[in-house]
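Listed below, chain by chain, are the residues.
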Amino acid sequence: ATGAPATGALAGVRVLITAGGTREPLDPVRYLGNKSSGKQGVALAEAALAAGASVTLIHAPMEVPAPAGATIQRIETALELRSATLAAAATADVVIMAAAVADFRPASISSGKIKKRDNVDDPVITLVRNPDILLEVVAHRAAQNQQQLIVGFAAETGDDQGDARSYAEQKLRRKGCDLLVVNEVGPGDSGAERVFGQDTNQVEILSLDGASPVQSGGSKREVADAVVHLIAQRLSTG
Ligand code: CTP
Ligand code: CA
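This one's a predicted model, so the numbers in the text were calculated from it and none came from an experiment. Residue positions within a chain follow its written sequence, with the count starting from 1. Whichever chain is written first is A, and whichever ligand is written first is 1; the rest continue in order. Whole-chain, interface and lining totals are the exception, using all residues; otherwise, since this is a predicted model, local features are given only for residues with pLDDT of at least 70 and side-chain atom pairs are given and counted only at 80 or more. Heavy atoms throughout the structure, all of them, feed into the side-chain values; hydrogens and water do not.

Draft legend 1. Highlighting the pattern of salt bridges. Here a salt bridge means any side-chain nitrogen of Lys or Arg lying within 4 Å of a carboxyl oxygen belonging to Asp or Glu. Scanning the entire structure with this criterion turns up 12 salt bridges. Put simply, D93 and R14 hold a salt bridge, and the shortest N to O gap is 3.1 Å. Residue D93 is located in the loop between helix 2 (78-89) and strand 6 (94-97), and its partner R14 is located in strand 1 (residues 14-19); the two are separated by 79 residues in the primary sequence. Working definition: with a 1.4 Å probe on protein chains only, accessible area under 20% of the residue-type maximum means buried, over 50% means exposed, and in between means partly exposed. R14 gets classed as partly exposed once you look at its relative accessible area, which sits at 39%. Secondary structure is summarised from DSSP: a helix means a run of H or I of at least four residues, a strand means a run of E of at least two, and numbering begins at the N terminus for each.

So this is what it looks like as structure tokens:
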């Protein structure tokens with residue numbers, strides 16, 4: 001059941017989308033980042049707008065422009081994404097966490113540019129864990145007794161302990177979101193290159209309630225339409 005959602009399928013629905021890859025500063029000119037292009041998140045915003053939703057897009061740096069017609073908030077770090085997302089989630093009917101959030105950040109940020117001569121030995125960067133924003137959004141929904149549909153994203157690789165699907169199912173349960181959009185990334189660089197920065201995507205959408213997984217592939221907009229279609233279905237059946 002893929003394909004574009006009906007016109008007006010999300011009329012009057014407030015959709016919050018996060019996109020892009022967070023940046024964690026090391027010093028005034030350097031950061032730890034990731035390969036997220038923001039394309040899938042922007043495609044989701046466009047698909048939701050086309051379905052009549054009012055869209056807020058909170059985004060870290062992206063390779064593509066933010067869409068016209070959405071309310072845009074730009075952030076850099078995971079901590080900034082967290083406060084912006086938790087504030088905006090309070091008035092959202094749907095939250096889609098497409099951002100690639102840094103799991104760790106440097107424990108301290110140097111106020112001046114780190115110089116080679118400061119380091120007699122090769123430097124070691126100490127990292128600390130970032131909060132899990134998706135988990136917090138799910139907890140917040142429960143605490144507020146809020147009606148909200150929450151969608152997570154994951155890129156998974158299989159290994160000798162389990163395949164990508166089983167890791168994705170564990171992640172869905174751990175996060176407690178309603179839907180998890182899973183990219184099956186093959187091992188190694190070429191696997192990641194099939195997703196990051198590309199214009200196409202191949203996903204499986206898993207449901208916490210045990211509904212059968214939905215496959216979708218094609219352009220990132222086609223995948224976005226499939227996700228929006230599924231969301232509209234969920235909202236209409238309560
Ligand atoms: N996410 C989040 N906050 C984080 C990390 C991830 O909200 N600090 C969200 C992502 O936006 C995504 C989902 O959680 O929607 C899954 O991200 P992923 O990196 O796959 O999950 P992790 O729990 O970080 O697990 P892993 O160890 O596999 O990276
Ligand atoms: Ca992660």
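That shown, we press on.
Draft legend 2. Geometry of the confidence of the model for the chain. For the chain, per-residue confidence averages 93 on the pLDDT scale, and residues scoring 70 or more make up 95% of the total. Across the interfaces of the predicted complex, the ipTM metric reaches 0.99, alongside a pTM of 0.95. pLDDT is defined as a per-residue confidence score from the predictor, taking values between 0 and 100.

Draft legend 3. Inspection of helix 3 (residues 133-144) at higher detail. By this rule the span expected of a helix is its residue count minus one, scaled by 1.5 Å. Taking 1.5 Å per residue as the helical rise, helix 3 with its 12 residues ought to reach 16 Å, and the 16 Å between its terminal C-alpha atoms agrees with that figure. It only takes one pair of heavy atoms within 4.5 Å for two residues to be counted as in contact. Looking at the packing, one finds that the buried side of helix 3 touches helix 2, strand 6, strand 9 (149-156) and helix 4 (164-175). Residues adjacent in sequence count toward polar contacts only when both atoms are side-chain atoms; beyond that, a polar contact is any pair of N or O atoms within 3.5 Å, and within protein one must be able to donate a hydrogen and the other to accept it. For helix 3, the capping residue at the N-terminal end is D132, with a side-chain oxygen 3.2 Å from the backbone nitrogen of L134. A positive phi of about 55° marks N145, the residue just after helix 3.

Draft legend 4. Broad picture of the nonpolar core. The definition of a nonpolar core used throughout is a set of buried Ala, Val, Leu, Ile, Met, Phe, Trp, Tyr and Cys residues joined through side-chain atoms within 4.5 Å. Membership of the largest hydrophobic core comes to 35 residues, with the highest contact counts inside it found for L10, V15, I17, L44, I96, I205 and I231. Looking at this core, the elements with two or more residues in it are strand 1, helix 1 (39-50), strand 4 (54-59), strand 6, strand 9, strand 10 (179-184), strand 11 (200-207) and helix 6 (220-236). No other element matches the 7 residues that helix 6 contributes to this core. Other than its neighbours up to four places away in sequence, L44 contacts I17, I96, A98, F153, A224, V227 and V228. Listed in part, the 24 residues of the second largest apolar core include L16, L81, A88 and V95.

Draft legend 5. Fine view of the packing of helix 2 against helix 3. Orientation of helix 2 relative to helix 3, taken along the N-to-C sense of each, is 20°, at an axis distance of 10 Å. With respect to helix 3, the element helix 2 is oriented roughly parallel. In this structure, the crossing between helix 2 and helix 3 has a hand that is right-handed. Facing A78, L81, R82, T85 and L86 of helix 2, the residues of helix 3 in contact are I133, E136 and V137. Only the stretch in contact is used when a helix axis is fitted, and all axes are lines through C-alpha atoms; the angle between N-to-C directions ranges over 0 to 180 degrees. Here is the rule for angles: anything less than 35 degrees is roughly parallel, anything more than 145 is roughly antiparallel, 65 through 115 is roughly perpendicular, and the remaining ranges are oblique. Crossing chirality is assigned from the near helix's rotation relative to the far helix, an anticlockwise turn below a right angle marking it left-handed and a clockwise turn marking it right-handed.

Draft legend 6. Structural view of the site of ligand 1. Taken together, 14 residues sit near ligand 1, with M97, P131, L134, K171 and K175 positioned nearest. In the environment of ligand 1, an oxygen atom lies 3.0 Å from a nitrogen or oxygen atom belonging to the side chain of D103. Of all elements in the fold, only helix 3, strand 9 and helix 4 reach the threshold of two or more residues within the shell around ligand 1. Residues are sorted three ways: Asp, Glu, Lys and Arg are charged, Ala, Val, Leu, Ile, Met, Phe, Trp, Tyr, Cys and Pro are nonpolar, and all the rest, Gly among them, are polar. Across the shell around ligand 1, the residue classes break down as 8 nonpolar, 1 polar and 5 charged. Here a residue is near a molecule or strand as soon as one of its heavy atoms is found within 4 Å of it.

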